Structures are given as structure tokens and as C-alpha cells.
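# What the coordinates show
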Amino acid sequence: MSYPPIQPYETGMLKVSDLHTLYWEVSGKKDGNPVIFLHGGPGGGTSEKDRQYFDPEAYKIVLVDQRGAGKSTPSASIEENTTWDLVSDIEKLREHLKIDKWVVFGGSWGSTLSLAYAQTHPERVKALILRGIFTLRKSELKFFYQDGTSHIFPDAWDEYLAPIPLEERDDLMTAYHKRLTSEDEQIRTEAAKAWSKWEMATSKLRVDPSDIARAAQDDWALAFARIESHYFVNEGFMREGQLLEKQGIDKMYFVLFESVPVRHIPTVIIQGRYDVVCPARSAYDLKKVFPEAELTMVPDAGHSAREIPTSKLLTEAADRFRNL
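Values in this document were obtained by computation on a predicted structure and should not be read as measured data.

### Looking at the side chain of Ser-27
- Tracing the backbone through its elements, the reader meets Ser-27 in strand 2 (residues 21–28).
- With residues near it in sequence (within four places) discarded, Ser-27 still touches Ile-6, Gln-7, Pro-8, Tyr-9, Arg-51, Tyr-59, Lys-60 and Ile-61.

### Remarks on the pattern of salt bridges
- Here the structure, examined in full by the defined rule, presents 24 salt bridges.
- Arg-67 is paired through a salt bridge with Asp-89; the nearest N and O atoms lie 2.7 Å apart. Of the two residues, Arg-67 is situated in the loop between strand 4 (59–64) and helix 1 (83–96) and Asp-89 in helix 1; the sequence distance between them amounts to 22 residues. Asp-89 matches Arg-67 in its accessibility class, with the two residues each being buried.
- Arg-94 serves as the salt-bridge partner of Glu-91, at 2.8 Å between the closest nitrogen and oxygen. One end of the pair is Glu-91 and the other is Arg-94, both in helix 1 and 3 residues apart, which spans about a single turn.
- Residue classification places Glu-91 among the buried residues on the basis of a relative accessible area of 9%.
- For Arg-94, a relative accessible area of 5% gives the class buried.
- A network of salt bridges, in which partner residues are shared, links Arg-137, Glu-140, Arg-281, Asp-285 and Lys-288.

### Thoughts on the packing of aromatic side chains
- The tally for this structure, following the rule as stated, stands at 22 aromatic pairs.
- Judged by centre distance (5.0 Å) and plane angle (75 degrees), the ring pair of Phe-54 and Phe-105 falls under edge-to-face. In this pair, Phe-54 sits in the loop between strand 3 (33–38) and strand 4 while Phe-105 sits in strand 5 (residues 102–107), placing the two residues 51 residues apart along the sequence.
- Taking the relative accessible area as the measure of exposure, Phe-54 reaches 1% and is therefore buried.
- On the numbers, 5.1 Å between centres and 65 degrees between planes, the contact of Trp-157 with Trp-198 is edge-to-face. Here Trp-198 lies in helix 6 (residues 185–202) and Trp-157 lies in helix 4 (residues 154–161), a separation of 41 residues in the sequence.
- The class for Trp-157 is buried, based on a relative accessible area of 10%.

### Thoughts on the pairing of strand 6 (residues 125–131)
- With 6 of its 7 residues buried, strand 6 lies for the most part within the structure.
- With 6 bridges connecting them, strand 5 and strand 6 associate as parallel partners. Residue Val-104 lies in a different strand from strand 6, and its bridge partner there is Leu-128.
- For the handedness criterion, the β-α-β arrangement of strand 5, helix 2 (residues 109–120) and strand 6 is classed as right-handed.
- In terms of strand pairing, strand 6 meets strand 9 (residues 267–272) through 4 bridges, oriented parallel. Across the sheet, the residue bridging to Leu-130 is Ile-269, located in strand 9.

### Points about the sheet that holds strand 10 (residues 294–298)
- Reading across from one edge, 1-2-4-3-5-6-9-10 is the order of the 8 strands in this open sheet, with mixed pairing throughout. If you trace the sheet from one side to the other, it starts and ends with strand 1 (10–15) and strand 10, each paired once. Here the strands of the sheet are splayed against their neighbours by 20 degrees on average, with no regard to which way each runs.
- Where strand 1 and strand 2 come together, 6 bridges link them in antiparallel fashion. Residue pairing for strand 2: Glu-10 is matched across the bridge by Val-26.

### A word on the packing of helix 1 against helix 2
- Put simply, helix 1 and helix 2 touch, their axes get as near as 10 Å, and they point 70 degrees apart. What the angle tells us is that helix 1 and helix 2 run roughly perpendicular. Handedness of the helix 1/helix 2 crossing: right-handed. Taken together, the residues of helix 2 that come into contact with helix 1 (itself represented by Thr-83, Trp-84, Leu-86, Val-87, Ile-90, Glu-91 and Arg-94) are Trp-109, Leu-113, Ala-116, Tyr-117 and Thr-120.
- Of the residues that constitute the contact of helix 1 with helix 2, the class distribution is 8 nonpolar, 2 polar and 2 charged.

What counts, and at which threshold
- Residues numbered from 1 in each chain as written.
- Predicted model: local features only at pLDDT ≥ 70, side-chain atom pairs only at ≥ 80, totals over all residues.
- Heavy atoms only, no water.
- Helix = DSSP H or I, 4+ residues; strand = E, 2+ residues; numbered from the N terminus.
- Contact = heavy atoms within 4.5 Å.
- Salt bridge = Lys/Arg side-chain N within 4 Å of Asp/Glu carboxyl O.
- Buried < 20%, exposed > 50% of the residue type's maximum accessible area, 1.4 Å probe, protein only.
- Phe/Tyr/Trp six-rings, centres within 6.5 Å; stacked < 30°, edge-to-face > 60°.
- Pairing = 2+ DSSP bridges.
- Right-handed = clockwise from strand over helix to strand, strands pointing away.
- Axes fitted to C-alpha atoms, helices over the stretch in contact; angles between N-to-C directions.
- Parallel < 35°, antiparallel > 145°, perpendicular 65-115°, else oblique.
- Left-handed = near helix turned anticlockwise from the far one by under 90°.
- Nonpolar A, V, L, I, M, F, W, Y, C, P; charged D, E, K, R; others polar.

Here it is in C-alpha cells:
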């Protein structure tokens, strides 16, 4: 369940540093409730389908390609590209569009960035809609990129291993990062396609051939793989478990009436039970430290936002907040 396709009524390029310029667009209702869609990866970029979670008669829908991703320039750049650069960019875009507060919607890496933004600028967030929670803990990265999902998708895992010599396979993220930052274009491209295909092959309960085909596109695969690898070998530029720390979660509250905590940012979490990219453990751990959040485990879904049960729940969550 989603809304019909729409086109943006405004697009632009926002210079956020001497190096980086971001593509942004606005669609839906000009004076509607603002919502920003934060894409995954990092490095995944936005798609026209990302507008369709939101009622265009109610929402002012903002999409942005993060540094190095999508139509933003320079493509695939990992210079001046950290979590906190992206948090700052979101604020620059909000100010540029003259938006006071907005609903923040993000899945996978987009959930990471949404939480980082909400904990840094809670006064600017009306509500959070999160999917496929990812907090960049070592255990999460190890499960997907070293030892975990490999036991469920052994055939796809063999293809992921193929570019890496046997002697380097005890640390696959480092081995891939070495190749994705190589001076040799052929080495970079081969590694990027294998890295991207691994994620595309494991994101849905039923493998989607169109996702696999996307991983074969040189430019998209290179941006996706290079930027993901850059963030992951640098542990997201955060402390281990930082987004789950009490001090960060507490920033999403205010205190009212004799120190009784009241929920400040209404939060909905949609999590595929069989998500092997961002396993359900992280959503469950977030719910434990943030009990006011509403967590729904989708019993027949994996990682992708575009699986029908997950898409339906995300659209319903956005409908709930359209009049905030």
C-alpha cells in the first residue's frame, strides 16, 4: 500500500561545503506537514518511489541525496563524509527550505542517521518513523559482513567472497575497503559490484532480479559500496553503541510536572522479523532503552522497505503523523 507516483514541484543543489553539493527535491503539498526522507546505505541515494509513503495532499515531502550519493556531487566521494557532516547537512537543508520542524523518516542506514539527527536536534523533530534499525555496533557489522548472514545465504556469500584472496578473508570489511579505495578502476568496480550484490541478494525474503541488476550498474554500485565501506571501517564515526546510550535517548524527551518524563518525539519502529541485513536484535535493543517507542515486528518480511507488509505499515505510520 502506497500513494500514486508524483513529481517534485521544486528541486535544487545545496552547497554544504567547499567540496560537497547535495541534490534535494520537494513534492506534495506546498504548505503541508514537512517530512524528510533519509535514504539508506550510506550511499544508496533516493528514488522517485520514496515519495510514495506519504499522502501528497497532507505532506510537504523532502528528499535529499546525502554526500556522494545519487545526484549529489562529487559522486562516491568519501572525503569530508561522516555521520556528523550529514547531520549538519540536514540542518542546512531545513534552514534553506525555511522549515521549522519536520517528521523524520529513515530505514536501515536512514534509521541510524535519523536517530543521530534526533539526538542532536530534538527540537526540530516532530516524529520519527524508523525501519530496519541499524546502530553500527561491531556485532551488527560482523553479522552481515563476516559471520552470520553467510550461513543463511551461502550461495550469495560465495560470490561476495570471490574478489578477496583467502589470506584476507578474516577481515572482509578491511579487505573490501582496500579495494574500494584502490587507484585501479577495474579493482574498484569489481569490488563495488560484489559488495553491492551481496546486500541486494539478501534484502528481501524473495530475491528481486531488479535489485540484482541495480548492483551491476557501475556508478551506483561504486557510490553505494565505497561510502558504506568508508563508514563501516570507521565504525560510523561514533562510540560503540552511542545511539543506544541513555544520555542520547533522554535528549528525545522533555520533563513536565514534577520530573515526570513525557514522550517528546513520537516514534514508530517497523522491523522485519527475518531481516538479515539489520537483524531484529537492534530494533529490540532500541525498544528496551526507549520504551515509549512503538515497535512492530513484521512476521513476513526481511530488510527491504519495499516488501508489501513493510511498505503498508510505513505508509500507515506516515498517515498517523500527517496532521502533526
